[in-house]
Amino acid sequence: MDLFDYMRENKMKQESPLASRIRPKTLDEVVGQQHIIGKDKLLYRAIAADKLQSIILYGPPGTGKTTLAKVIANTTSADFMQINATVAGKKDMESVVEKAKDNLGMYGKKTILFVDEIHRFNKGQQDYLLPFVEDGTVILIGATTENPYFEVNSALISRSIIFELKPLNKEDIKTILKRAVYDEKCGMGSLHADMDEEALDFLADISNGDARNALNAVELGVLTTKPSDDGIIHINLSVAQQCVQKRALNYDKNGDNHYDTISAFIKSMRGSDPDAAVYYLAKMLYAGEDIKFIARRIMICASEDVGNADPQALVVAVNAAMAVERLGMPEARITLSQAATYVACAPKSNAAYIAINRALDIVKNEKTYGVPPHLREAGYKGAKNLERGLNYKYAHDYTNHYVKQQYLPDELIGTTFYEPTDNGYEAAIKEHMNRIKAEAD
């Protein structure tokens, strides 16, 4: 490194964002994630002993993936190289691999390659790295906000250990914020700022487990607030609120949060908890989820989980789906809330769902059974000669508009697909069916 490189690097350190400047240098400085870097945990021991194998760090933004990679860089004796998958091309990877080969062949030195946003690599790029990870030319550290089981090649996953980072809790965020405000060496202590407890609590809560969001907010507050008469920059609740215009949700519409939240929404309606259903609905709406997608899930739940226990649930859900297309947001939120709470509070039955699955299973796995002759179409030419429709009994000619008659194929006589429950309107269906059958005897 020449003098100009040294000066440029120092200047970048001084002017880089606060979140970058206060990154921990050692494992013991890392805040949170004790489930994977506690002193008795595998990852802590591997980093401390400099015996790291290929790993993938997976978690929401601002939880410390890059921080852990930097800590590893500071502690390992291996050559540490970093690329970002959003800008790196094949030439960049070829350069890394060539240097790693030289390190291993000429100096017996390992190379750790940190690939940030590894899910941004396409299949070909990931496949290129595979043989060099497999033979130990490089030790891979991949960082991703996306579920690696969806976004990273299964071959790379099988050769790596996946560590999931969790959103930081409120106390962890507060610890990091205090370090940022009062640390004179890496933080903003030299600016003589002070943050009161209300502001600290607010930013720790509003950051939603994302340390970077909290740090960006407090940096903005300190840099844009004038010192008071006492020479101190006071960061109070009012200042903190101005620095955060809208809560940042960890919600990627194509990733885990999308699937987890819609899953919780459906299960809350199925479980007859309207409060939870409305909460998850609000979370999706706030994050900008497609209202038509939400409406479709409510319709599915109305049939799958409510069914004939309250046939009106499907009517409400279908009408809600049509209404939200015409209304749009923000009014659609009310219609979706009405439909979701109705479905959540309705009596439940999955009997219709079970019935069609049972029938499909037989159709799929057994031979096709014929329609009984008396149920076949009798109106076409020659049908009578083929004995189509003979001896069919017209149900409306009998008491209760019901007559005992074979409807299933011969091979399935006695098979039951639909079994009404005792819940809601289905209890009436069950009673009605039992009555008309008994009176027909």
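Predicted, not measured: the structure shown is a model, and the values here were computed from it. Along each chain, residues carry numbers from 1 onward, in the same order as the chain's sequence is written. Owing to the predicted nature of the model, reporting of local features is limited to residues with pLDDT of at least 70; listing and counting of side-chain atom pairs is limited to 80 or more, with chain, interface and lining totals taken over all residues. Only heavy atoms go into the side-chain values, all of them from the structure, while hydrogens and water stay out.

Here's the deal with the overall build of the protein
Next up, step 1: Here a helix means four or more residues in a row that DSSP labels H or I, a strand means two or more in a row labelled E, and each is numbered from the N terminus. When its secondary structure is counted, the protein shows 20 helices and seven strands.
Next up, step 2: Viewed in the frame of its principal axes, the protein has a C-alpha envelope of about 105 × 65 × 40 Å.
Next up, step 3: Working definition: with a 1.4 Å probe on protein chains only, accessible area under 20% of the residue-type maximum means buried, over 50% means exposed, and in between means partly exposed. Scored against the burial criterion, the 441 residues of the protein give a buried share of 41%.
Next up, step 4: Of the contacts formed within the protein by residues at least 6 apart in sequence, a portion of 72% connects residues at least 24 apart.
Next up, step 5: Roughly 24600 Å² of accessible area belongs to the protein as shown, and the carbon and sulfur atoms make up 51% of that amount.
Next up, step 6: Positive and negative side-chain charges of the protein, numbering 53 and 60 respectively, have mean locations separated by a distance of 4 Å. By the convention used here, residues are in contact when the closest approach between their heavy atoms is within 4.5 Å. The Shrake-Rupley method, run with a 1.4 Å probe sphere, supplies the accessible areas, and residue values consider only the shown protein chains as cover. We treat Lys and Arg as the positive residues and Asp and Glu as the negative residues; His and chain ends play no part in the count. A charged residue contributes its charge at one atom only: NZ of Lys, CZ of Arg, CG of Asp or CD of Glu.

Comments concerning the side chain of Thr137
Next up, step 1: For Thr137, the location among the structural elements is in the loop between helix H7 (123-134) and strand S4 (139-144).
Next up, step 2: A 3.5 Å cut-off defines polar contacts: any pair of N or O atoms within that distance qualifies, except that in protein one atom must be a possible hydrogen donor and the other a possible acceptor, and neighbouring residues in sequence count only when both atoms are side-chain atoms. One polar contact links Thr137 to Asp135, side chain to side chain, over a distance of 2.6 Å.

A word on the sheet that holds strand S5 (residues 161-164)
Next up, step 1: Two strands are counted as paired when DSSP detects at least two bridges linking them. Ordered by their spatial adjacency, five strands build an open sheet running S2-S3-S4-S1-S5, and the pairing between neighbours is parallel. Where the open sheet ends on each side, the last strands, each with one partner, are strand S2 (79-84) and S5. For this sheet, the mean angle separating the axes of adjacent strands, direction not counted, is 15 degrees.
Next up, step 2: Of the strand pairs in this sheet, strand S3 (residues 111-116) and S4 are connected by five bridges, and their pairing is parallel. Opposite Leu113, over in S4, you have Leu140 as the bridge partner. To obtain each axis, a line is fitted to C-alpha atoms, and for helices this fit is confined to the stretch in contact; angles are then taken between N-to-C directions over 0 to 180 degrees.

Focus: the pattern of salt bridges
Next up, step 1: The working definition used for a salt bridge is a side-chain nitrogen of Lys or Arg within 4 Å of a carboxyl oxygen of Asp or Glu. On inspection of all chains with the given rule, the structure shows 15 salt bridges.
Next up, step 2: The partner of Glu134 in a salt bridge is Arg159, and the shortest N-O contact between them spans 2.9 Å. Linking Glu134 in helix H7 with Arg159 in the loop between helix H9 (154-158) and S5, this pair joins segments that are 25 residues apart in sequence.
Next up, step 3: Taking the relative accessible area as the measure of exposure, Arg159 reaches 32% and is therefore partly exposed.
Next up, step 4: We note a salt bridge from Glu439 to Arg435, for which the minimum N-O separation is 3.6 Å.

Let's talk about the packing of helix H10 (residues 170-182) against helix H12 (residues 211-224)
Next up, step 1: Across the interface, H10 lies against H12 with an axial gap of 10 Å and an inter-helix angle of 35 degrees. In this structure, H10 meets H12 at a crossing whose hand is right-handed. Residues Ile173, Ile176, Leu177, Ala180 and Val181 of H10 pack against Ala211, Ala214, Leu215 and Val218 of H12.
Next up, step 2: For the contact of H10 with H12, a count of residues per class yields nine nonpolar, no polar and no charged. Two helices that cross are described as forming a left-handed crossing if the nearer one is turned anticlockwise from the farther one by less than a right angle, and a right-handed crossing if clockwise. Each residue gets one label: Ala, Val, Leu, Ile, Met, Phe, Trp, Tyr, Cys and Pro are nonpolar, Asp, Glu, Lys and Arg are charged, and the others, such as Gly, are polar.

What to know about helix H6 (residues 90-107)
Next up, step 1: To estimate the expected span of a helix, subtract one from its residue number and multiply by 1.5 Å. The terminal C-alpha atoms of H6 lie 25 Å apart, and with 18 residues this matches the ideal 26 Å at 1.5 Å per residue to within 8%.
Next up, step 2: Of all the positions in H6, only Met93, Val96, Val97, Ala100 and Asn103 are classed as buried. Buried residues of H6, viewed axially, fall in a sector of 120 degrees; they line one side. Within H6, the exposed residues directed more than 90 degrees away from the buried face are Lys90, Lys91, Gly105 and Met106.
Next up, step 3: At its buried positions, H6 is contacted by S2, S3 and H7.
Next up, step 4: Backbone geometry just after H6 places Gly108 at a positive phi near 65 degrees. By arc we mean the arc of the directions from the helix axis to the C-beta atoms, nothing more.

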